[in-house]
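Structural overview for review
One-letter residues, chain by chain:
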Amino acid sequence: MSFDRSIKIAPSILSADFANFGAEIQAIEAQGADWVHVDVMDGHFVPNLTFGPPAVKAFRPHVKTFMDVHLMIAPVDPYIEAYAEAGADMITAHVEAGPHIHRTLQAIRAQGVKAGVVLNPGTPADAVADVLDLCDMVLIMTVNPGFGGQKFIHSGVEKTRKIRHMIGDRPIHIQIDGGITPETAPLVVEAGADVLVAGSAVFKGGSVDTPEVYGQNMRAIREAAEGARVKAA
């Protein structure tokens, strides 16, 4: 995947129909999703439990774009190889999930997949300053991780601005996860984000039988985000 800073919509399948993941993935991609975001939770690092490596492996044949696997687990290092082998194109790990984020990012890259680092709302931007050269992406959480459908935490906007300044001209994406809607997307895009994760805002009101609703929801987010980028230029 070549690098560019165009706006990318990455629907979180945490909000999809759990009984119909294959069709849901195909529907969001057909309606314009750029990436597919997979939220992995362990019931320990975050208060929820979702997808193990076998589930991610089952998703893989349906994903024709780019599968972005967000590991909200601790410890994270013992599971990196399994999620890489399951088909992740990118694996993101939290600064807060262990004592050695530098080692974790090295381990992800050693598997031949792209590596991302994640910051929770209470973690400062400076926490990633010394590992940016190991990153393909910085993921800024604008909700506390563990549940979908939460309200956007506005302190993430200034954190996004700081991270964008720290990155400079390096080919590193900035992804935002949490509370992204047509109203909040412009705030983070103006600050420097280019990958927007949205779960309930994409899947609300639609289904595999009415996938055009997914398309309408994604277009609303994309148009709002791109409008903010034009205004900021």
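The preceding data block contains the structure.
Cut-offs and rules
Residues numbered from 1 in each chain as written. Predicted model: local features only at pLDDT ≥ 70, side-chain atom pairs only at ≥ 80, totals over all residues. Heavy atoms only, no water. Salt bridge = Lys/Arg side-chain N within 4 Å of Asp/Glu carboxyl O. Buried < 20%, exposed > 50% of the residue type's maximum accessible area, 1.4 Å probe, protein only. Helix = DSSP H or I, 4+ residues; strand = E, 2+ residues; numbered from the N terminus. Phe/Tyr/Trp six-rings, centres within 6.5 Å; stacked < 30°, edge-to-face > 60°. Core = buried A, V, L, I, M, F, W, Y, C linked by side-chain atoms within 4.5 Å. Contact = heavy atoms within 4.5 Å. Polar contact = N/O pair within 3.5 Å; in protein donor to acceptor, adjacent residues only side chain to side chain. Pairing = 2+ DSSP bridges. Axes fitted to C-alpha atoms, helices over the stretch in contact; angles between N-to-C directions.

The next subject is the pattern of salt bridges. Under the criterion given, the structure shown has seven salt bridges. A salt bridge links Asp 4 to Lys 8, with the shortest nitrogen-to-oxygen separation between them at 3.0 Å. The partly exposed category is assigned to Asp 4, whose relative accessible area is 32%. Measuring nitrogen to oxygen at the nearest pair gives 3.3 Å for the salt bridge that ties Arg 109 to Asp 136. With Arg 109 in helix 4 (residues 101-110) and Asp 136 in the loop between strand 5 (114-119) and strand 6 (137-141), this residue pair connects regions lying 27 residues apart in the sequence.

To continue, consider the packing of aromatic side chains. Each aromatic ring pair is described using two quantities: the centre-to-centre distance and the angle formed by the ring planes. The full count for this structure, using the stated rule, is seven aromatic pairs. Summarising the aromatic geometry, the rings of Phe 18 and Phe 51 are spaced 5.8 Å apart at their centres and angled 45° between planes, so their arrangement reads as tilted. Remark: Phe 51 occurs in the loop between strand 2 (36-41) and helix 2 (53-59) and Phe 18 occurs in the loop between strand 1 (8-11) and helix 1 (21-30); sequence separation between them is 33 residues. Judged by relative accessible area, Phe 51 falls into the buried class, the value being 6%. Both rings, one in Phe 21 and one in Phe 51, keep their centres 5.5 Å apart while their planes meet at 85°; by these two values the pair is edge-to-face. Of this pair, Phe 21 sits in helix 1 while Phe 51 sits in the loop between strand 2 and helix 2, and the two are 30 residues apart along the sequence.

Our next topic: the nonpolar core. Core analysis: the largest hydrophobic core is formed by 67 residues, its most contacted members being Val 38, Ile 163 and Leu 196. Residues within four places of Leu 196 in sequence aside, it is in contact with Ile 7, Lys 8, Ile 9, Ala 10, Ile 176, Ile 180, Ala 185, Val 188, Val 189, Ile 221 and Ala 225. Among the nonpolar cores identified, the runner-up in size contains seven residues, and Trp 35, Phe 66, Met 90 and Met 137 belong to it.

By the element assignment, Lys 8 lies in strand 1. At a separation of 2.9 Å, a polar atom in the side chain of Lys 8 contacts the main-chain carbonyl oxygen of Asp 4. Lys 8 has contacts with Asp 34, Trp 35, His 173, Asp 194, Val 195, Leu 196 and Arg 222, leaving out every residue within four places of it along the chain.

Our focus in this paragraph is the sheet that holds strand 3 (residues 67-72). On the basis of which strands lie adjacent, the open sheet formed by eight strands has the order 1-8-7-6-5-4-3-2 and parallel pairing. Every other strand in the sheet has two partners, leaving strand 1 and strand 2 as the edge strands with one partner each. Recorded for the sheet is a direction-independent mean angle of 25° between the axes of neighbouring strands. Strand direction decides the pairing type here: strand 6 and strand 7 (residues 173-177), joined by five bridges, are parallel. Bridge assignment links Val 138 to a residue of strand 7, and that residue is Ile 174. On the sheet, helix 4 packs against strand 4 (90-94) and strand 5 and is oriented at approximately 150° with respect to strand 5.

A separate point is unusual backbone geometry. With an omega dihedral of 0°, the bond running from Ala 74 to Pro 75 counts as a cis peptide bond. On the secondary structure map, Pro 75 appears in the loop between strand 3 and helix 3 (80-85).

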